[in-house]
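Residue strings, one per chain:
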Amino acid sequence: MLLSSLLTLPAAVLAQTYTEHLHLSPLAQTSHLLAAFNFTSTTPLPAYESGHFTHFPRSLAQILQHTKTRELHLRFAWGRWDDEQWGPRPRMGRREGGTGVEIWAWLDGQDGGGVEERWSGLVNGLSGLFCASLNFIDSTRTTHPVLSFSPEGTHADEVRGLESLHGTLPHEVVCTENLTPFLKLLPCKGKAGISSLLDGHKVFDANWQTMSIDVRPICPGGSTGGECVLEIQQTVDVVLDVERSMRARGDPIPRPRPIEELECDGGKVYNGGDTCYPKVKEGEMGWSLSRIFGTPVRGNCHLADGHADPDITLEVPLDRIVNVTNAQPLDLGNGQSMRSYRLPDHPPGQYTDLALPQQSLNQAVVQPQPPLYATRTITGSGQQHGGMHARLHNPHPYAQTITYFESLPWFLRPYIHTLRVRNSETHEDVKLEKMFYTPAKDRERGTHLELMFTVPAKGEVELSYDFEKAVLRYTEYPPDANRGFDVAPAVIRILPNNTNGEGAASSQHLGEGQGSYIRTTSLLLPLPTPDFSMPYNVIILTSTVIALGFGSIFNLLTRRFVLAEEVPVSKLALRIKAIVGVARGVVGRLKGAKAVEMGGDAVGSGKGDGVGNGAG
């Protein structure tokens, strides 16, 4: 068996592939740019099981093999996607995560146990690999979703033996130390190709950004035929403010520009030599890759022979002017609004840039509507009770069936008997098609709530329930206790059968039957917070009382009380006393001699005076 696997390694090595792609799309009627990076690598399953890797990252593969993880989805996200201004989410929300860190995976559960232990090993291994706090995902932050997620890969009959686990860390701050190991997993390590644009200063200065890592098995011929491969897809999606991103790095602080650099509106009556009303720029704002990302594309990362797919696609109107430097335009028949470019192969190390000047277009671009609008807030006041309120609006002329998933911390205790899902217009209750609920246990597990219902066409559904706030131990509060506790976003899955007559087909590249996803923003839950100065005062007072009491008792127990005459005199004390006596005697004799000398002088003076007087 081992010999046969070794003999198949050369063919498996040749079958390993790697592709990368950058999609640029200016968001309509805004000054924002969506940049979607995609890096995909595949390796045959025999090579993966034999530990032979070419493009697939070995560090990640060893963690997956040790924990028997069959499919992995990891998200790092920051910011808020503005549905009203930016339209639908990129990749239908499938490569998006909630604020902070979100992870869900399918682990092999056919061994009869040890799934929770291997899940702990998975999050701890990924924590060290990506320099994140994933190790804090314990049993209180782990749930087992049923409706909201389904495997994207081909698992054949193994899907019945897979265990689904989901964890979140909404308080995690995503920063450069997470981006650096992300780039290290790529074959070119961010040194060449489109990954050379990923600079931490630009990525984390975006209005919204998300990084994702998805590992899944794929069998092109289904579960019964074809050679199966393991695919890892790494994506980075960012929404950049064009004007702020093109600001010089040497001058990151916004300062008023000199008046001679401003384009003033001379039609204003108050315009003068020392006053200026800035003229509103018309049309599309000019930008370029080198100015937005701080550098052009360096070289290429073409590792697969015969690969002719585009490296960069630009979604702009046909009459938009695009100046291309060192890139080959491709005609792929993707429509008039899509332009494709391929990075040059020869000579290596060339710099590629795309520049779009300031331009007024004849026809404004209309941003399509998102599949659903969703908001979620915490209601109520006080330190003991509160409420959750979610509003889901369907802007389309057809009904949509969705799943609503919440993973709540154990210290937020919902009252399920107060759960109401009703139509906002008719105030009638909406029928729940399915419901999964797992109550929380204090300090053991959180609350798992999943609902499936239908949002009517052009309608709005409100979901609400009441909850109780638990009182924590003072050691369980974070250093910034008065800020509040983060509650993970709700995950809304729009099932793929919601169509307007076009069927339920979905993208093969992202997985069959996944539908689209929307995540609400995370929430801050204020809990009863003690006065942390009181423990300090109690500690100081208690320490003082203990010191006084213990000191007195210790003295009484250890000291020996006797008369002064009974105390034996030490030799050292006698010596010191003798020395002091001798010193006192010497001092006394010196004082006596001086007094005698002074007395003799006084007698001599008196005799002299008497003789003199008699003679006179």
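Cut-offs applied
Residues numbered from 1 in each chain as written. Predicted model: local features only at pLDDT ≥ 70, side-chain atom pairs only at ≥ 80, totals over all residues. Heavy atoms only, no water. Buried < 20%, exposed > 50% of the residue type's maximum accessible area, 1.4 Å probe, protein only. Helix = DSSP H or I, 4+ residues; strand = E, 2+ residues; numbered from the N terminus. Pairing = 2+ DSSP bridges. Axes fitted to C-alpha atoms, helices over the stretch in contact; angles between N-to-C directions. pLDDT = per-residue confidence, 0-100. Contact = heavy atoms within 4.5 Å. Phe/Tyr/Trp six-rings, centres within 6.5 Å; stacked < 30°, edge-to-face > 60°.

**As for the pairing of strand β25 (residues 516-519)**
Of the two faces of β25, the one lined by Ser516 and Ile518 and the one lined by Tyr517 and Arg519 are each fully buried. Looking at chain direction, strand β24 (residues 491-494) and β25 are connected through 4 bridges and run antiparallel. Within β25, the position partnered with Ile494 by the bridge is Ser516.

**Some thoughts on unusual backbone geometry**
What you tend to see is this: most non-glycine residues have negative phi, and most peptide bonds are trans. Look at Lys68: it is not a glycine, yet its phi comes out positive at around 55 degrees. Counting through the fold element by element, Lys68 comes out in the loop between α4 (58-66) and β3 (69-79). Phi at Met92 is positive, roughly 60 degrees, even though this residue is not glycine. Mapped onto the secondary structure, Met92 falls in the loop between α5 (83-86) and β4 (100-108). The exposure class of Met92 is partly exposed, given its relative accessible area of 41%.

**Let's talk about the sheet that holds strand β22 (residues 460-469)**
With antiparallel pairing, the 4 strands of this open sheet are ordered in space as β16-β17-β22-β19. Each end of this open sheet is capped by a strand with a single partner; those strands are β16 (373-379) and β19 (412-423). Here the average twist between neighbouring strands, direction ignored, is 15 degrees. Both β16 and strand β17 (residues 385-393) contribute to a ladder of 7 bridges, which runs antiparallel. Counterpart to Ile378 in the pairing with β17 is Met388.

**Thoughts on the confidence of the model for the protein**
Confidence in the prediction of the protein, expressed as mean pLDDT, is 86, and 88% of residues score 70 or more. The model gives residues 499-510 a pLDDT under 50, and that stretch makes 25 contacts with residues more than four places away or in other chains. In the predicted structure, residues 610-616 sits below a pLDDT of 50 and forms 0 contacts with residues beyond four places in sequence or in another chain.

**As for the packing of aromatic side chains**
Tallied over the entire structure, the rule returns 15 aromatic pairs. Ring geometry for Phe149 and Phe405: centres 6.2 Å apart, planes at 85 degrees, overall edge-to-face. On the criterion of sequence distance, the pair formed by Phe149 in the loop between β5 (142-143) and β6 (162-169) and Phe405 in strand β18 (residues 400-408) is long-range, its members being 256 residues apart. A residue is classified by how much of its surface remains accessible, and Phe405, at 1% relative accessible area, is buried. An angle of 15 degrees between the planes, with centres 5.9 Å apart, marks the rings of Phe149 and Tyr517 as stacked.

**Observations concerning the pairing of β6**
The buried fraction of β6 amounts to 7 of the 8 residues, a majority that puts the element mostly inside the structure. Here β5 runs beside β6; their pairing, made up of 2 bridges, is antiparallel. Bridge pairing links Thr143 to His166 in β6.

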